[in-house]
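An overview of the molecular structure
Residue strings, one per chain:
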Amino acid sequence: MLNTRTDPCATRAGPETGVARSPLSADDFRAALMAKGDYYHIHHPYQVDMAAGRATPEQIRGWVANRFYYQVMIPQKDAALLANCHDAPTRRRWIQRLLDHDGHAGDDGGIEAWLALGEAVGLSREALWSQEHVLPGVRFAVDAYVNFVRRASWEEAAISSLTELFAPQAHQSRLDTWPQHYPWIDASGYGYFRKRLKEARRDVEHGLEVALAVCDTAERQQRALGILQFKLDVLWSMLDAMTLAYQLGRPPYHSVTDRRVYHRGLS
Ligand SMILES: O=C(O)c1cc(C(=O)O)c2c(n1)C(=O)C(=O)c1cc(C(=O)O)[nH]c1-2
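Residues numbered from 1 in each chain as written. Predicted model: local features only at pLDDT ≥ 70, side-chain atom pairs only at ≥ 80, totals over all residues. Heavy atoms only, no water.

So, the site of the ligand
Note the threshold: Note on terminology: near, applied to a residue and a molecule or strand, indicates that one of the residue's heavy atoms is within 4 Å of it. Think of a polar contact as two N or O atoms within 3.5 Å of one another; within protein, one of them needs to be a possible hydrogen donor and the other a possible acceptor, and neighboring residues in sequence only count if both atoms come from side chains. Computed by Shrake-Rupley with a 1.4 Å probe, the accessible areas treat only the displayed protein chains as cover when residues are assessed. Only DSSP runs of H or I reaching four residues or more are called helices, and only runs of E reaching two or more are called strands; each is numbered from the N terminus.
The environment of the ligand is formed by 19 residues, the closest being Y40, Y70, K77, Y145 and Y192. Contacts to the ligand include Y145, whose side-chain N or O atom sits 2.5 Å from an oxygen atom. In the complex, 99% of the free accessible area of the ligand, which totals 470 Å², lies under the protein chains. Those elements that provide at least two residues to the shell around the ligand are α3 (57-83), α9 (167-181), α10 (191-214) and α11 (218-247).

Structure follows, in structure tokens:
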């Protein structure tokens, strides 16, 4: 369904009408970015089921093991953005994201915290590092994000991180609902979600600053909204792959084998 409420630019004059479009005001552009939250993966049935207590241990484990691939690729994605960024003050701020995930003195980092989440749901560190559970669809979606950032300008790469606008809600919802629904999950596993609440809010402040500074024409604003939609597609597609595998019992090659024959990455 076409959602005109959440796409204010859709109703404005465009090149096709022969009338030059004026950019949205900063407030309206911010509102248009925020309206993309309607399509955030928190609304995907897989996440809705997890939050409602309807997920089986296998479905929770599948999500944790597959999301690990996102976790390990995020610092490489941020390193790619840094490599394309000629602005030292930006690099000085952005590099914090690598440290958040990889860790530094006094903080073991987000990847370590995700490994603890894995152990809390019954997945060994080895199982996560081996990527044996990572579904091809999840791998392709995450790789599409990293490859986009490798090729994009650093400003467009920064805009693609803006789904984080909506992530604190996702982390808070897990903290609010999982302990009561899934008493079998060890509480020591929830550190990642708590850690990200603060970090994501700081990250999006920077990301929004960039978006508002560079998107000063209607075309650039539309491009930013398109980039944000691309990133929403990445997150949604990851959950579609997990739905097939863990909710519908149709993992890749299910019609020929019950072995996980899919590749674990080509280097
Ligand atoms: O659990 C979530 O729902 C969720 C979503 C996202 C996101 O929106 O991309 C991120 C995270 N978590 C996250 O923990 C994280 O570190 C992160 C970094 C980024 C990014 O695009 O740079 N997104 C996300």
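Now that the structure has been shown, we can carry on.
Thoughts on the state of the cysteines
Two cysteines form a disulfide when their sulfur atoms are joined by a covalent bond. We apply this condition: Note on terminology: pairs of cysteine sulfur atoms within 2.5 Å are recorded as disulfides. When a residue's accessible area, from a 1.4 Å probe over protein chains only, is under 20% of the maximum for its type it is buried; when over 50% it is exposed; and in between it is partly exposed.
Counting across every chain of the model gives zero disulfides. Left unpaired, C85 is separated from the closest cysteine sulfur, that of C215, by 16 Å. Accessibility expressed as a relative area gives 4% for C85, which makes it buried. By relative accessible area, which is 6% here, C215 ends up buried.

Let's talk about the packing of aromatic side chains
Our working definition: Stacked, tilted and edge-to-face pairs are distinguished by plane angle, under 30 degrees for stacked and over 60 for edge-to-face with tilted covering the rest, among Phe, Tyr and Trp rings (Trp via its six-membered ring) whose centres lie within 6.5 Å. For a Lys NZ or an Arg CZ to count as sitting over a ring, it must be within 6 Å of the ring centre and within 35 degrees of the ring normal.
Evaluated as defined, the whole model comprises 14 aromatic pairs. With a centroid separation of 4.9 Å and 80° between ring planes, the pair formed by W114 and Y192 is classed as edge-to-face. Here W114 is found in helix α5 (residues 110-120), whereas its partner Y192 is found in helix α10, with 78 residues between them in sequence. No difference in accessibility class separates W114 from Y192, as the two residues are buried. What links up through ring pairs into an aromatic cluster is the set W63, W114, W178, Y182, W184, Y190, Y192 and F193. Over the ring of W94 we find R97; its NZ or CZ atom is 3.5 Å from the centre of that ring.

Some points on the confidence of the model for the protein
To be explicit about the condition: Within a predicted model, pLDDT stands for the predictor's per-residue confidence, ranging from 0 to 100. In what follows, residue pairs with any heavy atoms lying within 4.5 Å of each other are defined as contacts.
Per-residue confidence for the protein gives a mean pLDDT of 93; residues scoring 70 or more make up 93%. Segment residues 1-16 is flagged for pLDDT under 50; beyond a separation of four residues in sequence, or across chains, it makes 21 contacts in the model. Across the predicted assembly, pTM comes out at 0.93 and ipTM at 0.99.

What about the pattern of salt bridges?
Applied cut-off: Criterion for a salt bridge: a side-chain nitrogen of Lys or Arg within 4 Å of a carboxyl oxygen of Asp or Glu.
Under the counting rule described, the total for this entry stands at 17 salt bridges. Of the charged contacts, one joins R223 and E156 as a salt bridge, the two residues approaching to 2.8 Å between their closest N and O atoms. Residue R223 is found in helix α11, and its partner E156 is found in helix α8 (residues 154-160); the two are separated by 67 residues along the sequence.

Details of the side chain of N66
Considering the arrangement of structural elements, one finds N66 in helix α3. Its relative accessible area of 0% is what places N66 among the buried residues. Other than its neighbours up to four places away in sequence, N66 contacts H133, V134, L135, V138, M242 and Y246.

What to know about α5
The α-helix winds at 3.6 residues per turn, so residues separated by three or four positions along the chain end up facing the same way. α5 sits mainly inside the fold: eight of its 11 residues count as buried. Buried residues of α5: G110, I111, A113, W114, L115, L117, G118 and A120, and no others. Looking at the packing, one finds that the buried side of α5 touches α3, α4 (88-102), α6 (125-130) and α10. Directly after α5, the chain includes G122, whose backbone phi takes a positive value near 95°.

Focus on the nonpolar core
Inclusion rule: Residues belong to one nonpolar core when they are buried, are Ala, Val, Leu, Ile, Met, Phe, Trp, Tyr or Cys, and are joined through side-chain atoms within 4.5 Å.
Judged by nonpolar contacts, the single largest core of 80 residues is most densely connected at I60, W63, W114, W178, F193, M238 and M242. For F193, the residues in contact, after removing those within four places along its chain, are W63, W114, L117, H171, R174, L175 and W178.

Observations concerning the environment of V261
By the secondary structure assignment, V261 is in the segment after α11. Judged by its relative accessible area of 41%, V261 falls in the partly exposed class. The sequence separation of V261 and E132 amounts to 129 residues, and the corresponding C-alpha distance is 9.1 Å.

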